[in-house]
Amino acid sequence: MRLVIVEDELVVARRLERMVRAILGERAESVDVVLTLEEARQRVERGAIDVLFLDLNLNGKDGFRLLEEATSRHFHTIVVSAYHDQALAAFDHG
């Protein structure tokens, strides 16, 4: 599996990366960490993503914008958020 973690807090991103690697083991072919919305856009454009872990608040920028822009891409998204209201809004995005 090719995974991308989009999280602006490096400590949180690295912890999530360790957890994903511990759970998936060798099934995690690659785990990329990107810290900004712009980096995430570039990574999505390059393609070859199976699962995207997406923080919804990226240095004050809306992570939902990435989902709206990438509607034609084929990957699963797991929302990573400390805010309950944003997590609930993620269900509206499907």
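Residues numbered from 1 in each chain as written. Predicted model: local features only at pLDDT ≥ 70, side-chain atom pairs only at ≥ 80, totals over all residues. Heavy atoms only, no water.

For the rest of this paragraph, the subject is the side chain of Glu17. The residue Glu17 is located in helix 1 (residues 10-24) in this model. Accessibility expressed as a relative area gives 13% for Glu17, which makes it buried. The residues contacting Glu17, other than those within four sequence positions of it, are Ile5, Val31 and Val33. (Helix = DSSP H or I, 4+ residues; strand = E, 2+ residues; numbered from the N terminus. Buried < 20%, exposed > 50% of the residue type's maximum accessible area, 1.4 Å probe, protein only. Contact = heavy atoms within 4.5 Å.)

Judged by nonpolar contacts, the single largest core of 16 residues is most densely connected at Val4, Val6, Val44, Leu52, Leu54, Leu66 and Phe75. Breaking this core down by element, the ones donating at least two residues are strand 1 (2-6), helix 2 (37-46), strand 3 (51-55) and helix 3 (64-69). Excluding anything up to four places from it in sequence, Leu54 contacts Val6, Gly63, Leu66, Leu67, Thr77, Ile78, Val79 and Val80. In this structure, Val20, Ala28, Val51 and Phe53 belong to the second largest nonpolar core, which totals ten residues. (Core = buried A, V, L, I, M, F, W, Y, C linked by side-chain atoms within 4.5 Å.)

Attention shifts here to helix 2. For helix 2, every residue scored as buried is listed here: Leu37, Ala40, Arg43 and Val44. Buried residues in helix 2, looked at end-on, bunch into an arc of 120 degrees, giving them a common side. Away from the buried face of helix 2 by more than 90 degrees, exposed residues Glu45 and Arg46 are located. Tucked into the core, helix 2 has its buried residues touching strand 1, strand 2 (30-34), strand 4 (57-58), strand 5 (61-62) and helix 3. Backbone geometry just after helix 2 places Gly47 at a positive phi near 80 degrees. (Arc of directions from axis to C-beta.)

Along strand 1, four of the five residues are buried, which leaves the element largely enclosed by surrounding structure. Where strand 1 and strand 2 come together, five bridges link them in parallel fashion. Note on strand 2: the bridge partner recorded for Ile5 is Val33. Viewed along the sheet, the connection from strand 1 through helix 1 into strand 2 turns out right-handed. Of the strand pairs in this sheet, strand 1 and strand 3 are connected by four bridges, and their pairing is parallel. Bridging from a neighbouring strand, Ile5 pairs with Phe53 of strand 3. (Pairing = 2+ DSSP bridges. Right-handed = clockwise from strand over helix to strand, strands pointing away.)

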